[in-house]
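Chain by chain, the residues:
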Amino acid sequence: MSEVEAGIRELLAAALGRDPAEIAALPADTPLFNGPLGVGSLTGVRLLAGVKDRYGVDVVAEDLTLESLASIATLTRYVADRYVADRYR
Amino acid sequence: MRPVRWRHVPAGGAGAMTRCLVKCVVWDLDDTVWPGVAIEQDAMPAPYPEVLRAMDILAGRGIVSSAASRTDPSLAAAVAGHPELAERLVAPQLGWGPKSEALLRIADELGIAVDALAFVDDSAFERGEVAAVLPEVLVLAPDEMRLDRPEFTPAVVTDDAKARPRRYREEQRRRAAEQEYAGSREAFLRASGLELTLGPARPADVPRVAELAERTHRFNTTGEAWPADRIAELVDDPGWFVPVGRLRDRYGDYGLISTALVERHPRGLPAWQPRLFMVSCRATGRDVPRAVLGWVMRRARADGARQLLVDLRPSNANLELRLLLRGNGFTAADPSAGSPPAGTVLLARPLDGDEPTVPWLRLIEEAA
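Since we're looking at a predicted model, the values are computed, not measured.

A. How the structure looks around the sheet that holds strand S3 (residues 93-95) of chain B. Residues and elements named next belong to chain B. An order of S3-S2-S1-S4-S5 is seen for the 5 strands of this open sheet, with the pairing classed as parallel. Two strands in the sheet have a free side with no partner beyond their single neighbour: S3 and strand S5 (138-140). For this sheet the average axis-to-axis angle between neighbouring strands, irrespective of direction, equals 20°. Taken together, the 4 bridges between strand S1 (residues 24-27) and strand S2 (residues 64-70) define a ladder with parallel strand orientation. The partner of Val25 across the bridge, within S2, is Ser65. Strands in contact with helix H3 (residues 99-110) are S1, S2, S3 and strand S4 (117-120); relative to S2, the strand with the most contacts, it is inclined by about 150°. Along the sheet, helix H4 (residues 124-133) contacts S2, S4 and S5; its crossing angle with S5, the most-contacted strand, is approximately 170°.

B. Seen up close, the interface of chain A and chain B. Tallying the contact residues gives 18 residues for chain A and 15 residues for chain B. Roughly 1400 Å² is buried in total at the junction of chain A and chain B, and carbon and sulfur atoms are behind 68% of that figure. Where chain A meets chain B, there are 0 salt bridges. Remark: the boundary between chain A and chain B carries 8 residue pairs in polar contact (both at pLDDT 80 or more). Of all the secondary structure elements, the ones that give two or more residues to the side of chain A that touches chain B are helix H3 (41-55) and helix H4 (59-62) of chain A. Looking at the side of chain A that touches chain B element by element, the count peaks at 5 residues for H3 of chain A.

C. Just the packing of H3 of chain B against helix H6 (residues 164-180) of chain B, in detail. All names here are of chain B. Contact geometry for H3 and H6: axes closest at 8 Å, N-to-C directions at 90°. Overall, the two elements H3 and H6 adopt an arrangement that is roughly perpendicular. Packed against H3, whose contacting residues are Asp108, Glu109 and Leu110, the element H6 presents Tyr168, Glu171, Gln172 and Arg175 at the interface. Looking at the contact of H3 with H6 residue by residue, the classes come out as 2 nonpolar, 1 polar and 4 charged.

D. Region of the structure containing the side chain of Ser66 of chain B. All names here are of chain B. Tracing the chain through its elements places Ser66 in strand S2. With relative accessibility at 0%, the residue Ser66 sits in the buried group. Within the structure, the side chain of Ser66 is placed 2.7 Å from the backbone oxygen of Val90, a separation counted as a polar contact. Look past the residues within four positions of Ser66 in its chain and what remains in contact with it is Cys24, Val25, Val26, Trp27, Leu89, Val90, Ala91, Pro92 and Ile106.

E. Spatial organisation of unusual backbone geometry. Residues and elements named next belong to chain B. Of note in the backbone geometry, Ala91 takes a positive phi value of approximately 55° without being a glycine. Tracing the backbone through its elements, the reader meets Ala91 in the loop between helix H2 (75-80) and S3. Assessed through its relative accessible area of 4%, Ala91 is described here as buried. The backbone phi angle of His265 is positive, close to 50°, even though this residue is not glycine. Looking at where His265 falls in the secondary structure, it is placed in the loop between strand S9 (252-264) and strand S10 (271-279). Exposure remark for His265: the relative accessible area of 29% places this residue in the partly exposed category.

F. Expanded view of the packing of aromatic side chains. Within the structure shown, the criterion is met by 6 aromatic pairs over all chains. Taking 5.1 Å as the distance between ring centres and 45° as the angle between the ring planes, the aromatic pair formed by Phe241 of chain B and Trp272 of chain B counts as tilted. Of this pair, Phe241 of chain B sits in strand S7 (residues 240-241) while Trp272 of chain B is found in strand S10, placing the two residues 31 residues apart along the sequence. For Trp272 of chain B, a relative accessible area of 3% translates into the label buried. Counting every residue linked through ring pairs, the aromatic cluster contains Tyr181, Phe188 and Tyr251 of chain B. Here Arg82 of chain A stacks its cationic end above the ring of Tyr78 of chain A, 3.5 Å away from the centre of that ring.

G. The environment of Ser192 of chain B, seen in detail. Residues and elements named next belong to chain B. Mapped onto the fold, Ser192 is located in the loop between helix H7 (185-191) and strand S6 (195-200). Sequence spacing of Ser192 and Tyr251 is 59 residues, and the spatial spacing of their C-alpha atoms is 7.4 Å. Sequence-distant contacts of Ser192, that is, excluding residues within four places in its chain, are made with Asp249, Arg250 and Tyr251.

H. Quick look at the nonpolar core. Counting 37 residues, the largest nonpolar core has Leu196, Leu247, Val288, Leu308 and Leu361 of chain B as its most contacted members. Of all elements in the fold, only S6, S9, S10, helix H10 (288-302), strand S11 (307-312), helix H11 (319-327) and strand S13 (345-350) of chain B reach the threshold of two or more residues within this core. Element by element, the count of residues in this core is highest for H10 of chain B, at 8 residues. By size, the runner-up hydrophobic cluster in this structure holds 28 residues, among which are Ile8, Leu12, Leu26 and Val51 of chain A.

I. Representation of the environment of Leu140 of chain B. All names here are of chain B. Topologically, Leu140 is positioned in strand S5. Spatially, the C-alpha atom of Leu140 lies 37 Å from that of Arg230, the residues being 90 residues apart in sequence. The contacts of Leu140, once residues within four sequence positions are left out, are Phe119, Val120, Asp121, Arg127, Met145, Arg149 and Phe152.

J. Examining H4 of chain B more closely. Residues and elements named next belong to chain B. Inspection of H4 places Glu126, Arg127, Glu129 and Val130 among the buried residues, and these make up the whole buried set. All buried residues of H4 fall inside an arc of 160° around its axis, so they share one side. Exposed and facing more than 90 degrees away from the buried side of H4 are Ala124, Phe125 and Ala132. Packed against the buried residues of H4 are S2, H3, S4 and S5.

K. Representation of the pairing of S13 of chain B within the structure. Residue and element names in this part refer to chain B. For S13, a buried count of 5 out of 6 residues is recorded, marking the element as mostly surrounded by other parts of the structure. Direction of pairing for S11 relative to S13: antiparallel, over a ladder of 6 bridges. Residue pairing across strands places Leu309 opposite Ala348, the latter belonging to S13. By the bridge criterion, 2 bridges tie strand S12 (residues 331-332) to S13 in an arrangement that is antiparallel. When the sheet's bridge partners are listed, Thr331 is paired in S13 with Ala348.

Rules used throughout
Residues numbered from 1 in each chain as written. Chains lettered and ligands numbered in written order. Predicted model: local features only at pLDDT ≥ 70, side-chain atom pairs only at ≥ 80, totals over all residues. Heavy atoms only, no water. Pairing = 2+ DSSP bridges. Helix = DSSP H or I, 4+ residues; strand = E, 2+ residues; numbered from the N terminus. Axes fitted to C-alpha atoms, helices over the stretch in contact; angles between N-to-C directions. Contact = heavy atoms within 4.5 Å. Buried area = accessible area lost by both parts, 1.4 Å probe. Salt bridge = Lys/Arg side-chain N within 4 Å of Asp/Glu carboxyl O. Polar contact = N/O pair within 3.5 Å; in protein donor to acceptor, adjacent residues only side chain to side chain. Parallel < 35°, antiparallel > 145°, perpendicular 65-115°, else oblique. Nonpolar A, V, L, I, M, F, W, Y, C, P; charged D, E, K, R; others polar. Buried < 20%, exposed > 50% of the residue type's maximum accessible area, 1.4 Å probe, protein only. Phe/Tyr/Trp six-rings, centres within 6.5 Å; stacked < 30°, edge-to-face > 60°. Lys NZ or Arg CZ within 6 Å of the ring centre and 35° of its normal. Core = buried A, V, L, I, M, F, W, Y, C linked by side-chain atoms within 4.5 Å. Arc of directions from axis to C-beta.

Have a look at this one:
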């Protein structure tokens, strides 16, 4: 699991108020909405705020149709493609 | 007819929010609503007649009054039973804490945003404290409190707006009941007997539909301005579908809280296209937007549509709505479906018979 994926899973757990170990164990293609995660409007706002805060990637402003929110894997890929780690700045 | 204008601040963009119409004026009491300091006098001072008159005129425009007074909390009972103030003040806050906190409590109790508050206080200190902590609040000295200010003069006062004082009282009763309820929020909502009535708009609904188009931000797909006369044309036009949703529960009536302007079979496509979809803030947190969307989808499918196309203009305010749409199967539309103006995206959702329902929310359909 990449560093970004681990971070996204942590942010998901925090946004949903769930046990991080439980979220860490889910398959990468687990959908964000519906299914076992059940991200909703309010938890989604929290999640995206967390992503912007930790990775500096503004999904809200840049992904107009929120395509990246299909699954843990798609969000991870979206963020990883845009995240510039501190060590590279 | 006004040209189209965009009210929303684009997502990620900075910029000042335009001043909203005020929904509640919060008055200081000592030396603002009445002369002198109440706890220093033997009897309750008589309120200034011109202040009572102002409160009544504002109420007629759908603007309620409340109070934030830094005084002994024991005065609350006197205010609650005051013949001239009891009925004029909703959720008055009397205590020793900062007035900014009192304002936050009032906004929370009434279920309105902080930027829909005005605050009137004779004390420059209090005005300064509130202005510093809550810059969105319209802060006024008593001599600046003029009824002809734009924030207090809506162009049209709908019946819905006039009913606002009643609705706030009902909301207070509802919240008090929820606090006493021994169960989850969802269980409370079920027990409160929520009913959503959906049907086509009638001409008499047009002013309220226009008001929703003007005033909703969080659950508004484009922030586009639609003048009332244009909406009236659409209500009459068989090429368009303008649904309205009304919500009530055992505590009272939320009124007309959702609507949409839906083009049927645009450009000859087997689709329905909500050009605008709106839900009032007062109806959120109850799965109402999802229920309305699901119902519109079922009506669209019954009309032969195979997809729902939604124009969406992402803004600083409508992220929850964007998430709701994404979570209910809306994705970027195929470019062949249409090309919206800059800053707007077109979303599509196939209508396969799996439209969302909210099982615990009672839905009543009104015939066309």
